[in-house]
Amino acid sequence: MLITGGALADGRVRDVRIDGETIDAVASDLEPAADERVIDARGKHVLPGAIDVHVHFREPGGLQKETWKTGSRSAAAGGVTTVVDQPNTDPPTVDGGSFDAKAATAAEDSLVDYGINGGVTAAWRPEELFDRPVFALGEVFLADSTGEMGIEMDRFEDALDRATAAGVPVTVHAEDADRFDPDALSGDLGGVGRRARSERWSAFRTPDAEAAAVERAVAAGEDVEGHVHIAHTSTPEGIGATAGTGATCEVTPHHLFCSTDDCDRLGTFGRMNPPLRDPDRRAAVFERLRDGRVDVVATDHAPHTAAEKNRTLTEAPSGVPGVETMLPLLLAAVRRDELTLERVRDVTARNPASIFGLEHKGAIEAGRDADLVVVDLEDPSDIRAAALHSKCRWTPFEGMTGVFPEITIVRGHVAYERDTVIGVESFGDPIGENARARDPIGAVDDADGGR
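No experiment lies behind these values; they were computed from the predicted model shown.

Chemist: How should I be thinking about the packing of helix α12 (residues 326-335) against helix α13 (residues 341-355) in this particular structure?
Modeler: Geometry of a packed helix pair, given as the angle between the helix axes and the separation of the axes. Closest axis-to-axis distance for the α12/α13 pair is 9 Å, and the angle between their directions is 160°. One element, α12, and the other, α13, form an angle in the roughly antiparallel class. Of the two elements, α12 crosses α13, and the hand of that crossing is right-handed. Here Met-326, Leu-327, Leu-330, Leu-331 and Val-334 of α12 come into contact with α13, specifically with Leu-341, Val-344 and Thr-348. Its residues placed into classes, the contact of α12 with α13 shows seven nonpolar, one polar and no charged.

Right, here's the structure in full:
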C-alpha cells in the first residue's frame with residue numbers, strides 16, 4: 001500500500017509505503033509498484049494512529065453498554081489504532097483467569113490493537129497478573145467509581161511496590177474521598193437525566209480531593225522509584241502536582257471541552273469521576289495541554305446506556321463515551337488555532353508510545369507499525385450521536401465540531417474507511433483474524449522497566 005502526497009504533522013509532504021504490517025519508507029516521490037493500492041492524500045494529513053491508554057469496553061459484564069466489537073469499531077472510526085482496557089469489568093481483571101478470558105475476547109473481536117490492564121482489590125492475585133502481558137496496573141482507584149474498586153492507601157502502596165518490582169507502571173484514579181463534600185448532595189438535586197443538577201456532583205467531588213490524592217500517589221511512586229501515571233487529571237492543581245516528578249499525567253476530552261457551564265445541558269449525562277470543573281479550571285487545563293505540561297490525552301471512554309444515565313443524580317452511573325470523538329475534537333481545535341497539529345500528534349501518539357514502551361508505535365517512521373490515519377482538516381462536521389458507533393448511542397459532545405478520519409489503518413490493514421463523496425463507511429476484520437495474531441501489548445522487559 002502506498003499513501004501519496006499527504007502532509008505529516010510537521011507540514012512536510014511525504015509518501016508513505018506500507019509493507020505488510022510495517023512502514024517500509026517515508027520519502028518524496030515514491031513510485032507505485034504493480035498492483036499496489038495507492039491512496040491519494042494530497043491536500044490532507046497523514047498522522048500516526050492514536051493510542052488511547054484509557055478505555056472501558058465493558059466486556060465482560062456490561063454488554064448492554066459496550067463490547068470489544070462495538071468499542072473497537074468506534075475507536076477505528078475515530079482514528080484510534082490502539083486501546084488499553086481498564087480492569088473494572090464484571091468480573092474485574094484481578095487474576096490470571098479473568099485476564100485470560102478478556103484477552104481471548106479481545107483477540108477474537110477487536111478491530112484495533114489493544115492492551116489489558118490488571119486491577120487491584122482485596123482479592124487480586126499479583127503473581128498471576130504479572131505472569132501475563134499486563135499493560136499496566138490500574139486504573140487503581142483511590143476512591144470508588146464504576147465497579148466499586150476503591151482501595152485504601154496501604155493497599156495502593158503495596159500494589160505499587162509489587163508493580164515496580166515487576167517493571168509495570170501504575171495508572172491511578174486519584175481522588176481522596178475524605179475531601180469530598182457530602183453537603184453538596186443535600187437538598188434539591190433536580191429531576192432525572194438531563195433535568196438533574198449535575199453541577200452538584202462537581203461540588204461534591206472537589207478539586208482539592210483530586211490534588212491531594214495526586215500528591216500522595218506521586219510521593220508514593222517516588223518512594224519506590226516506580227512509574228505512576230495519573231489518569232484523567234481534571235484540574236491545573238492535579239497536573240501541577242506531577243511537575244518535576246517521575247510521574248506522568250493524562251487529561252480527557254470532556255475535561256478539555258466541557259465545564260460546569262454544560263451541566264444544564266447534560267444533567268446526569270455529564271456525571272463522571274472526576275467531575276466537570278468550572279470554566280476557569282477547564283481553561284487552565286487546556287492551557288497546560290497547549291504548553292506541554294500535559295503528557296497524554298486519553299478518553300476514559302466509559303459508556304452507559306441512556307436508560308442507565310436517565311436516573312437521579314445520586315443513582316446514575318458515572319462515565320461518558322469518547323473514544324471516537326477524541327481525535328476529531330482535537331483536530332477541530334487545530335482548525336481554530338487553539339492547538340498545533342504537532343502537539344496533537346504528541347499527546348495522542350508519540351507520548352503514550354514513549355511513556356508505555358510501545359517502541360513500534362506512535363510515529364510515522366520506517367520500521368514502525370503501520371498505524372496511520374488520513375484526515376482532511378478542511379472537512380469538519382458536527383458531532384452527532386446517530387453517526388457514531390459506540391453501542392451506547394449518545395455523546396456529551398453532541399453538536400460540537402469534529403474532524404473525522406477518512407481512513408484508519410492498523411498494522412497495514414484498513415480498519416475503517418469513509419467514502420467522502422457518498423459517506424458510505426466500511427470496516428475491516430478483527431485484527432487477530434485480518435493480520436497475524438498478537439498477544440495483548442504488555443510491559444516491555446528492559447533495563448529501564450520498559451518505561
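Moving on, there is more to tell.
Chemist: Quick question: what am I supposed to make of empty space enclosed by the protein here?
Modeler: Over the atoms, a rolled probe matching the size of one water molecule traces out where space is still vacant. According to the stated counting rule, one finds three cavities of 30 Å³ or more in the structure shown. When its volume is computed, the second largest cavity comes out at roughly 60 Å³. Taken together, Ser-74, His-301, Pro-321, Gly-322, Val-323, Glu-324, Thr-325, Leu-388, Ser-390, Trp-394 and Thr-395 make up the full set of residues lining the second largest cavity. Among the residues forming the lining of the second largest cavity, the class breakdown is four nonpolar, six polar and one charged.

Chemist: It is not clear to me how the side chain of Thr-348 should be interpreted in this structure. Could you clarify?
Modeler: With respect to the secondary-structure elements, Thr-348 resides in helix α13. A polar atom in the side chain of Thr-348 sits 2.7 Å from the backbone oxygen of Val-344. Not counting chain neighbours up to four residues away, the residues in contact with Thr-348 comprise Gly-49, Ala-50, Ile-51, Met-326, Leu-327 and Leu-330.

Chemist: Just to check I follow, could you spell out the nonpolar core for this structure?
Modeler: The nonpolar side chains of a soluble globular protein tend to be buried, and buried together. Residues Val-83 and Phe-156 are the most contacted members of the largest nonpolar core, which totals 87 residues. In terms of residue count, α12 provides more of this core than any other element does, seven residues in total. Core analysis: the second largest hydrophobic core is formed by 15 residues, Ile-3, Ile-39, Ala-41 and Val-46 among them.

Chemist: Explain α13 to me, please; I cannot follow it from the model alone.
Modeler: Side chains that are three or four residues apart share a direction in an α-helix, a result of its 3.6 residues per turn. Relative to the 21 Å expected for 15 residues at 1.5 Å per residue, α13 spans 20 Å between its end C-alpha atoms, a close match to the ideal helical length. Taking the largest bend as the criterion, α13 deviates by roughly 45°, centred on Val-347. Of all 15 residues making up α13, 11 are buried, and the element is well covered by its neighbours. Listed as buried for α13 are Leu-341, Arg-343, Val-344, Arg-345, Asp-346, Val-347, Thr-348, Ala-349, Pro-352, Ala-353 and Ile-355. Next to the buried residues of α13 lie β5 (45-48), β6 (50-55), β12 (248-251), α10 (279-291), β13 (296-297) and α12. The first or second residue beyond α13 is Gly-357, which carries a positive phi of 70°.

Chemist: What's the story with a nonpolar patch on the surface in this structure? I'm lost.
Modeler: A cluster of nonpolar side chains, contributed by Val-421, Ile-422 and Val-424, occupies part of the molecular surface with about 330 Å² of accessible area. Mapped onto the fold, Ile-422 is located in the loop between β18 (413-418) and β19 (425-427).

Chemist: Got a minute to help me understand the sheet that holds strand β10 (residues 170-173) in this structure?
Modeler: Sheets are built from strands that pair by backbone hydrogen bonding, the pairs being arranged parallel or antiparallel. Read from one edge to the other, the open sheet built from five strands follows the order β9-β10-β11-β12-β13, with strand pairing classed as parallel. Whereas interior strands pair on both sides, the edge strands pair on one side only; in this sheet they are β9 (137-141) and β13. As judged from the two bridges shared by β12 and β13, these two strands associate in the parallel manner. Paired with Glu-250 across the two strands is Val-296, which belongs to β13. The strands that helix α4 (residues 153-165) touches are β9, β10 and β11 (228-230); relative to β10, the one it contacts most, it runs at about 160°.

Chemist: Sorry if this is basic, but what is going on with the environment of Gly-43 here?
Modeler: Its place among the elements puts Gly-43 in the loop between β4 (38-40) and β5. The exposure class of Gly-43 is exposed, given its relative accessible area of 69%. For the pair formed by Gly-43 and Thr-4, sequence separation is 39 residues and the distance between their alpha carbons is 10 Å. Excluding anything up to four places from it in sequence, Gly-43 contacts Gly-5 and Asp-376.

Calculation notes
Residues numbered from 1 in each chain as written. Predicted model: local features only at pLDDT ≥ 70, side-chain atom pairs only at ≥ 80, totals over all residues. Heavy atoms only, no water. Axes fitted to C-alpha atoms, helices over the stretch in contact; angles between N-to-C directions. Helix = DSSP H or I, 4+ residues; strand = E, 2+ residues; numbered from the N terminus. Parallel < 35°, antiparallel > 145°, perpendicular 65-115°, else oblique. Left-handed = near helix turned anticlockwise from the far one by under 90°. Contact = heavy atoms within 4.5 Å. Nonpolar A, V, L, I, M, F, W, Y, C, P; charged D, E, K, R; others polar. 1 Å grid on protein atoms, 1.4 Å probe; cavity = no way out; pocket = protein on both sides within 12 Å on 5 of 7 lines; lining within 4 Å. Points joined across faces, edges and corners; volume = space filled by probe spheres on them. Polar contact = N/O pair within 3.5 Å; in protein donor to acceptor, adjacent residues only side chain to side chain. Core = buried A, V, L, I, M, F, W, Y, C linked by side-chain atoms within 4.5 Å. Buried < 20%, exposed > 50% of the residue type's maximum accessible area, 1.4 Å probe, protein only. Expected span 1.5 Å × (residues − 1). Bend = angle between axes of the 7 residues up to and from the residue. Patch = residues over 30% accessible without salt bridge, like charges linked within 9 Å, V, L, I, M, F, W, Y side chains within 5 Å. Areas by Shrake-Rupley, 256 points an atom, 1.4 Å probe, with all protein chains shown as cover. Salt bridge = Lys/Arg side-chain N within 4 Å of Asp/Glu carboxyl O. Pairing = 2+ DSSP bridges.

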